[in-house]
Amino acid sequence: MEERYTPSAVEQKWQNKWEAEKSFKVTEDTSREKYYLLEMFPYPSGRIHMGHVRNYSIGDVVARFKRMRGFNVLHPMGWDAFGMPAENAAIQNKTHPAKWTKENIDYMRGQLKRMGLSYDWDRELATCDLSYYRWEQKIFLEMFSRGLAYKKSSFVNWCPSCETVLANEQVEDGGCWRCDTEVNQKELEQWFFRITDYAEELLACTENLPGWPERVLTMQRNWIGKSIGCEIDFPLESGNGAIKVFTTRQDTIFGATFMSLAPEHPLALTLTTPDNLSAVEAFIEKVKSTDKVKRTADDFEKEGVFTGSYCINPASGLKIPVYLANFVLTDYGTGAVMAVPTHDQRDFEFARKYNLSLQVVIQPEGEHLDPATMTGAYTEPGIMANSAGFDGISSLEAKERIADWLESKNLGKKTVNFRLRDWGISRQRYWGNPIPVIYCNVCGTVPVPEKDLPVVLPLDIEFAGDGGSPLAKVDSFVHVKCPICGIDARRETDTMDTFVESSWYFLRYCSPDHLEGALDKKKVKYWMSVDQYIGGIEHAVLHLLYARFFTKVLRDLGYVTVDEPFTNLLTQGMVIKDGAKMSKSKGNVVDPNNLIEKYGADTARLFSLFAAPPEKDLDWNDQGVDGSFRFLNRLWKLSAEILPFISNAPKVDVSGLSDEGRSLRRLVHKTIRKVTSDIDERFHFNTAISAVMELVNGIQAFSQKNLPQNAALMKESIESTLLLLYPFVPHFAEELWEKVGHEGGIEKAGWPSFDPDAAADEELLIVVQVNGKLRGRVTVPVDATEESVTSLALGDEKVVVHLDGKTPRKIIYVPGKLLNIVV
């Protein structure tokens, strides 16, 4: 055997073999327990980065481990290929988004294969392929027929340069993330998915996901934002209608001294008097250029304008002024807020700024608040005051009683409100899935008939990149006949948000070649739900929430039988270098290609898995990479020294082992037990690898003086080491496994099992405390009695010092763990 480890030759050999034999291709097998392992699929940006290497290495460890344990493992890969970045790149590089995307996919596929990742490449999909997005159009039509897809007017973030809607996350410091043009609010007709119909179920089901990080579940619960309160009508002074508010603080209604409307509220201009019109219009225009996230920030300056109109507080009967306020959004509640400045900090700041009246209606117990001297709102519970018949009771009790009173007087009603808003899916861009809708002047909005699907995104167009969607400029695409009446009509030119594609790709993997529909129900039933999903914490809300919603919709449409898509979720940490996340702008990027060229894929995998637990940030360390490479070389050299002696070695005869031999075998089986637990139960890959490194140290030390006469034990030790390392460094382990003399691949050997007797400790380390404080440790046989442990402890010099001649009053022994001496 060669004494020198050459990763490039070894890795190329095994990658070729795996590909030729389709080693990781999988089909349904009801005789075996399935395991669906999935990492979030990448956007084909052009190159993988170290975050990808870490993410996919984590998943590959689990996939290979589960295969070795007999599971039927589905481990697919694909591409989240539609989206705005492709258009941006097309503009910059004067190419077509389709060409740019395909070239990137080809390059990145090659990079992933060089990593030795065990994907079933026969299931590969790209969301920009017609074979994928055609079925998404059909799902859209089914949602439309059930009222789950609809169009309405909505205020959106609009970039006038890019001529498209931007998500809140794409607005940076008030400007477009791509071109820095100032973003404004624009009212547009937009397509929406009615995710709010599933708000209650989405929230309730977060209690049924024990395999998800609590942090992610909390983020989803907060995003859904269930609030229990009251809807209350504040009649207009004019007598023509009312302003409806939603509040969770109906106990403060008697303290409402003004009304705040969102500038986008439908009544904003209707209620504005002629004298105030110019000021109100100027204010509305100003707010349009401020993004919504800023408007709701605690430190954002509260501003408003008086409309000139008044409404009536239905509880107190007072006439209160109606203002527009920049911190009120139409996205939450009703877009109108009953302002109680003494008990809400934003209202307090607003009232002080515009000299509006304050009325205290909740007093702290044993104190008295004076509105004239208050420096901030009082928001804690207290005793009701200035609230008619509710004075003197606790504010918590008043919440329920005032809600009942409002209902009894027909002034309001108890209700539940959600922060979650329907999902706007319209994008005024080209590189996306066309929305299958036609507009007819006679028939109105007409869904494209199913027989006419798919609506194909035209590729043979000139992509000038001069703003707006090229689709709107392609006559052959836009102009069609109405499928109902046959007159001239026009197609929808908006495309779907790319989050739609990523909301069901994991289902399509179950039957990617199915031609009769979106999903093969039988295959989906076998594979779903995904047993382990892996991805970044940045997807905690949008993607993961949309995927959960889509799964529930497809269940109700009859496609799937599961309620939730992902049973277990791991959110891996970032890769950081020099104290910051790797990025080109910071100049701290490590190119995986260079790393693999120098050290090999197995070293890159080993370091990324050893340096930190998966859920923690990984701090890049060049010395750590060298250390991982040295470890593999050391094990390679050790194997080369041992192999000549073990090729024909028999099974270990335990009875003939020396004390040193029994110690090594105990270390082997303890390591098997630990690595199995660390991978299967906790994903603590770093401690699993550390345990194998300690085992290699033990093997090396033993081999230096015991090799020829202990060939059987050395063979068991080396083989166990290779089996344990295989999920982490598969090429390396496969090569050495073959050199040991095995054929057919290492996976066929299965995961090693440990002998409980061999793994058992012969001695235990007992912690000794005096009055609860650590004072020493003693080593005792595993079958030591309490009396013998106590005797050893009382004779330990370190313990004796702390006893200081005193006689123990009490001795508490926790078998096998600790002895506490009370004096």
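Provided above is the structure to which this section pertains.
Residues numbered from 1 in each chain as written. Predicted model: local features only at pLDDT ≥ 70, side-chain atom pairs only at ≥ 80, totals over all residues. Heavy atoms only, no water.

What about the overall build of the chain?
For step 1, the next point in the chain: A count of helical and extended segments in the chain gives 26 helices and 34 strands.
For step 2, the next point in the chain: Each principal axis of the C-alpha distribution contributes one length, and for the chain these read about 105 × 85 × 50 Å.
For step 3, the next point in the chain: The proportion of buried residues among the 823 residues of the chain is 56%.
For step 4, the next point in the chain: Excluding contacts between residues fewer than 6 apart, the proportion of contacts in the chain whose partners are at least 24 apart in sequence is 72%.
For step 5, the next point in the chain: Here the chain displays about 36,200 Å² of accessible surface, and carbon together with sulfur accounts for 49% of that area.
For step 6, the next point in the chain: Positive and negative charge centroids in the chain, built from 95 and 114 side chains respectively, lie 2 Å apart. (Helix = DSSP H or I, 4+ residues; strand = E, 2+ residues; numbered from the N terminus. Buried < 20%, exposed > 50% of the residue type's maximum accessible area, 1.4 Å probe, protein only. Contact = heavy atoms within 4.5 Å. Areas by Shrake-Rupley, 256 points an atom, 1.4 Å probe, with all protein chains shown as cover. Lys, Arg positive; Asp, Glu negative; His and termini not counted. Charge placed at Lys NZ, Arg CZ, Asp CG, Glu CD.)

So, the packing of aromatic side chains
For step 1, the next point in the chain: Using the criterion set out here, one finds 44 aromatic pairs in the structure.
For step 2, the next point in the chain: On the basis of an interplanar angle of 20° and a centroid distance of 4.4 Å, the ring pair of Tyr132 and Trp504 is categorised as stacked. Pair noted here: Tyr132 is in helix H5 (residues 130–145) and Trp504 is in the loop between helix H13 (498–501) and helix H14 (505–508), with a separation of 372 residues, a long-range link.
For step 3, the next point in the chain: Assessed through its relative accessible area of 2%, Tyr132 is described here as buried.
For step 4, the next point in the chain: Taking the relative accessible area as the measure of exposure, Trp504 reaches 0% and is therefore buried.
For step 5, the next point in the chain: Ring plane angle 70° and centroid distance 6.3 Å describe the contact between Phe258 and Tyr323, whose orientation is recorded as edge-to-face. Here Phe258 is found in strand S12 (residues 258–261), whereas its partner Tyr323 is found in strand S14 (residues 319–325), with 65 residues between them in sequence. Accessibility assignment for this pair places Phe258 and Tyr323 in one class, buried.
For step 6, the next point in the chain: Among the aromatic side chains, those forming a connected cluster through ring pairs are Phe140, Phe144, Trp191, Phe193, Tyr198, Trp423, Phe499, Tyr546, Phe549 and Phe550.
For step 7, the next point in the chain: Between the NZ or CZ atom of Lys66 and the centre of the ring of Phe71, over which it lies, the distance is 4.7 Å.
For step 8, the next point in the chain: Its end group placed over the ring of Trp121, Lys113 keeps NZ or CZ at 5.4 Å from the ring centre. (Phe/Tyr/Trp six-rings, centres within 6.5 Å; stacked < 30°, edge-to-face > 60°. Lys NZ or Arg CZ within 6 Å of the ring centre and 35° of its normal.)

As for the environment of Pro727
For step 1, the next point in the chain: Looking at where Pro727 falls in the secondary structure, it is placed in the loop between helix H22 (711–725) and helix H23 (730–740).
For step 2, the next point in the chain: Placed 48 residues apart in sequence, Pro727 and Ile679 show a C-alpha to C-alpha distance of 9.8 Å.
For step 3, the next point in the chain: Contact partners of Pro727, with chain neighbours within four places excluded, come to Asp60, Val61, Arg64, Phe65, Arg605 and Trp751.

With respect to the pairing of strand S9 (residues 184–193)
For step 1, the next point in the chain: Pairing of strand S5 (residues 149–159) with S9, which is carried by 10 bridges, proceeds in the antiparallel orientation. The partner of Tyr150 across the bridge, within S9, is Phe192. (Pairing = 2+ DSSP bridges.)

Some thoughts on the pattern of salt bridges
For step 1, the next point in the chain: Taken as a whole and judged by the stated rule, the model has 54 salt bridges.
For step 2, the next point in the chain: The shortest N-O distance in the salt bridge between Lys25 and Asp122 comes to 3.0 Å. Taken together, the positions of Lys25 in the loop between helix H1 (7–21) and strand S1 (34–39) and Asp122 in the loop between helix H4 (97–114) and strand S4 (125–126) put the pair 97 residues apart, joining distant regions of the chain.
For step 3, the next point in the chain: The exposure class assigned to Lys25 is partly exposed, which follows from its relative accessible area of 45%.
For step 4, the next point in the chain: Take Asp122: its relative accessible area is 32%, and that puts it in the partly exposed class.
For step 5, the next point in the chain: Between Arg555 and Asp556 there is a salt bridge; the shortest N-O distance is 2.9 Å.
For step 6, the next point in the chain: By relative accessible area, Arg555 is classed as buried at 18%.
For step 7, the next point in the chain: One connected set of salt bridges, linked through shared partners, spans Glu201, Arg548, Lys552, Arg555, Asp556, Asp563 and Glu564. (Salt bridge = Lys/Arg side-chain N within 4 Å of Asp/Glu carboxyl O.)

Digging into helix H25 (residues 786–794)
For step 1, the next point in the chain: Those residues of H25 that fall on the buried side of the exposure criterion are Val789, Thr790 and Ala793. Summarising the axial view, the buried residues of H25 lie within an arc of 100°, below the 170-degree limit, and thus occupy one face. Turned more than 90 degrees away from the buried face of H25 sit Glu787 and Ser791, all of them exposed. (Arc of directions from axis to C-beta.)

Here's the deal with the sheet that holds strand S27 (residues 569–572)
For step 1, the next point in the chain: Spatially, four strands are ordered S2-S1-S26-S27 in an open sheet, and the strand pairing comes out parallel. The open sheet has two edge strands, strand S2 (72–74) and S27, and neither has a second partner. Direction aside, the axes of adjacent strands within the sheet are offset by 20° on average.
For step 2, the next point in the chain: Note: S1 against strand S26 (residues 532–536), three bridges, orientation parallel. When the bridges of S26 are listed, Leu38 appears paired with Tyr533.
For step 3, the next point in the chain: Each of S1, S2, S26 and S27 touches helix H2 (residues 50–68); the most contacted strand, S1, lies at about 170° to it. (Axes fitted to C-alpha atoms, helices over the stretch in contact; angles between N-to-C directions.)

A look at the environment of Trp79
For step 1, the next point in the chain: By the element assignment, Trp79 lies in strand S3 (residues 78–79).
For step 2, the next point in the chain: Separated by 480 residues in the primary sequence, Trp79 and Tyr559 have C-alpha atoms spaced 23 Å apart.
For step 3, the next point in the chain: Dropping the residues within four chain positions of it, Trp79 is found in contact with Phe41, Pro42, Pro44, Ile105, Met108, Arg109, Leu112, Trp121, Glu124, Leu125, Ala126 and Thr127.
For step 4, the next point in the chain: Here the side chain of Trp79 touches Glu124 through a polar contact of 2.7 Å, side chain to side chain. (Polar contact = N/O pair within 3.5 Å; in protein donor to acceptor, adjacent residues only side chain to side chain.)

Purely geometric numbers; function is a separate question.
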